[in-house]
Amino acid sequence: MRRRPPDFRRPARRRLSNAFWWTLCFVAVLLFVFILTKGTQIESTRPVLARRAYRHEGIMEGLNITEEMLNPSSIARQLSDQISLAKAFVVIAKESSNLQFAWELSAQIRNSQILLSSAATRRVPLQITEAETAIRDMALLLYQAQQLHYDSATMIMRLKAKIQTLDEQMSSVSDKSSKYGQIAAEEVPKSLYCLGVRLTTEWFRNLNLQKKFSEEKQIDMKLKDNDLYHFCVFSDNILATSVVVNSTALNSKNPERIVFHLVTDEVNYAAMKAWFTMNDFRRVTVDVQMFEDFSWLNASYVPVLKQLQDSDTQNYYFSGNGGDSRTPIKFRNPKYLSMLNHLRFYIPEVFPALKKVVFLDDDIVVQRDVSGLFSIDLNGNVNGAVETCMETFHRYHKYLNYSHPLIREHFDPDACGWAFGMNVFDLVEWRRRNVTGIYHYWQEKNVDRTLWKLGTLPPGLLTFYGLTEPLDPSWHVLGLGYTNVDPQLIEKGAVLHFNGNSKPWLKIGIEKYKPLWEKYVDYTHPLLQSCNFH
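Residues numbered from 1 in each chain as written. Predicted model: local features only at pLDDT ≥ 70, side-chain atom pairs only at ≥ 80, totals over all residues. Heavy atoms only, no water.

The condition is simple: UniProt positions are given in the numbering used here, feature names are shortened, and annotations may be inferred rather than shown by experiment.
Under an unreviewed UniProt entry, the name given to the chain is Hexosyltransferase, and the organism recorded is Cucumis sativus. Per UniProt, the comment on the chain under Sequence similarities (unreviewed entry) is "Belongs to the glycosyltransferase 8 family." According to the UniProt record, the Pathway (unreviewed entry) comment for the chain is "Glycan metabolism; pectin biosynthesis."

## Section: unusual backbone geometry
Most peptide bonds take the trans form, and the phi angle of most residues other than glycine is negative. Defined as follows: Helical segments are the DSSP runs of H or I of at least four residues, strand segments are the runs of E of at least two, and each set is numbered from the N terminus. Buried means the residue's accessible area, taken with a 1.4 Å probe over protein chains only, is under 20% of the maximum for its type, while exposed means over 50%, and partly exposed covers the values in between.
One non-glycine residue with positive phi stands out, namely N379, at about 55°. Tracing the chain through its elements places N379 in the loop between β5 (364-366) and β6 (383-385). The backbone of R449 sits at a positive phi, close to 60°, despite the residue not being glycine. R449 gets classed as buried once you look at its relative accessible area, which sits at 18%.

## Some remarks on the state of the cysteines
Put simply, the rule is: In plain terms, two cysteine sulfur atoms within 2.5 Å form what is called a disulfide here.
Applying the stated criterion across every chain, the model contains two disulfides. Two residues, C194 and C531, share a disulfide whose sulfurs are 2.1 Å apart. The sign of the -75° torsion about the S-S bond sets the C194-C531 disulfide as left-handed. Placement of C194 in helix α8 (residues 190-205) and of C531 in the segment after α22 (526-530) is noted, with a sequence separation of 337 residues between them. For the pair formed by C194 and C531, the shared burial category is buried. Across the disulfide from C389 sits C416; the S-S distance is 1.6 Å. Disulfide C389-C416: torsion about the S-S bond near -90°, hence left-handed. One end of the pair, C389, is in the loop between β6 and α16 (405-410); the other, C416, is in the loop between α16 and β7 (422-426), and 27 residues separate them in sequence.

## As for the side chain of D426
To keep things clear, this is the line we draw: Residues adjacent in sequence count toward polar contacts only when both atoms are side-chain atoms; beyond that, a polar contact is any pair of N or O atoms within 3.5 Å, and within protein one must be able to donate a hydrogen and the other to accept it. In what follows, residue pairs with any heavy atoms lying within 4.5 Å of each other are defined as contacts.
Mapped onto the elements of the fold, D426 is located in strand β7. In this structure the side chain of D426 is engaged in a polar contact, spanning 3.1 Å, whose partner is the backbone nitrogen of V428. Setting aside anything within four residues of it in sequence, one finds D426 in contact with K355, L378, N381 and V382.

## Here's the deal with the nonpolar core
The cut-off we apply is this: Buried residues of nine kinds, namely Ala, Val, Leu, Ile, Met, Phe, Trp, Tyr and Cys, make up a nonpolar core once their side-chain atoms join them within 4.5 Å.
Grouped together as the largest cluster of nonpolar side chains are 65 residues, with contacts concentrated most on L195, F231, F260, L360, L373, W475 and L480. Excluding its chain neighbours within four sequence positions, the residues that come into contact with L360 are F231, C232, V233, V244, T248, F260, G421 and M422. If you look at the next biggest cluster of nonpolar residues, it comprises 43 residues, including V302, L340, L400 and Y402.

## Observations concerning the pairing of strand β4 (residues 356-360)
Test applied: What makes two strands pair is DSSP finding at least two bridges between them.
Buried residues dominate β4, accounting for four of its five residues. Direction of pairing for strand β1 (residues 229-234) relative to β4: parallel, over a ladder of two bridges. By the bridge assignment, F231 is partnered in β4 with V358. Pairing geometry for β4 and β7, over five bridges, is antiparallel. The residue of β7 that forms the bridge with F359 is N423.

## Topic: the sheet that holds strand β9 (residues 476-477)
In space, the three strands of this open sheet follow the order β5-β10-β9, with mixed pairing throughout. The two strands at the open ends of the sheet, each matched to only one other strand, are β5 and β9. Relative to strand β10 (residues 495-497), β9 is paired through two bridges, and the arrangement is parallel. From the neighbouring strand, H476 faces β10, where its bridge partner is V495.

Structural data, given as structure tokens:
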């Protein structure tokens, strides 16, 4: 019998084998789909809370505190609420002198806080079994607090009373701080007083010093030369004035073209002359006068002097008993009635031969050449000044009383304020427009202090209203005597102004700004060393 060739048997076996494996794969896929569907159905039938509990048990990354605290059944949330309420009861208990109960509450608060801290550290939610004792003990204390009439209404009333008391204390402390700060700013340091006394003694005993001063004043025609750069300073502070002159001279490209006109009072006149005669400021011309020599400065012409003779004004500023008790102490400062402070409104009378002057306060530092101020076109205005209305505070309505009809009718409340301390004055336009007469008018209207309190800026805003030309802000940087100033502004500023109580020559001066001023003081000078300047 012939055998079949192998060729005919092998293909049949392959077909059987392939069919078997395809059937087996199909069954496996069906089984997998069935198991997956069944598992999903089982999972969907579980309660929501059970699923969340399972998820917490499987968390490996740590406890989600936000989710835990938002959960209304959270043990940690219950403890936190109890702690907040207990802290309020501690305050009430102390106010009621129940110190023992306050101590018990505080101790239980610490226990609950330890539990919360432990749960956060181990990254596992608190369980009722470990927190049950703490929650129960705190609940008993809170119930006891209610029995002691520490109810919500009582708590609210007592806390309101406490807040009112704290507000009153804060107001009192603030007033005292303002008062003591003002006193510290007004006091003359011993070193400055010493310098004035020594310079006065030197002036009267040194005839050569007097002779040198007289000769320089007689031969110097620069005081009336309008082709030069004229600056004026009105001050009784010798060292501060010296810094103004020295910083201007050291940073000037042509110091020989600078003329400083200094005006002081009779007390400091000899000392001021002595200091600026014995020291050289790079050939800068310095002239010293005292305002008591001005014949036109009398009560019949100057409203401030007339007001100074008024008994009500003297009582308001010197005894502090008159007027509105809410008036801040800074407005009750008698310096606002000083003629050195108000002399800026009489510059054309002080310097009748001059056409243009740059006015400088004695608390400024010049840190670059400022001769360019004299070439600025004021466009027919009298006053060139840097505006300060970048913030709402420096608008007119912050300085003046707009409930008064005179103010309301004549001045825009949103008009831009500007700064005294570095001002360019066109004296020709000043005289032509009778600006001093405008100043007198408003001073007479404010005799009862209803238009503004006091100071020189409010009457300046009225006097030069519509007559002020804005200058580039880099000419005059303010705030170094009371606030933080942008370092970039300081670096670019031509004139730095230490306006405020924290003057750089005082102990209360702002330390980080003092070097800007002190670098123009020669502490090796024998008189400064003898008066303990350092």
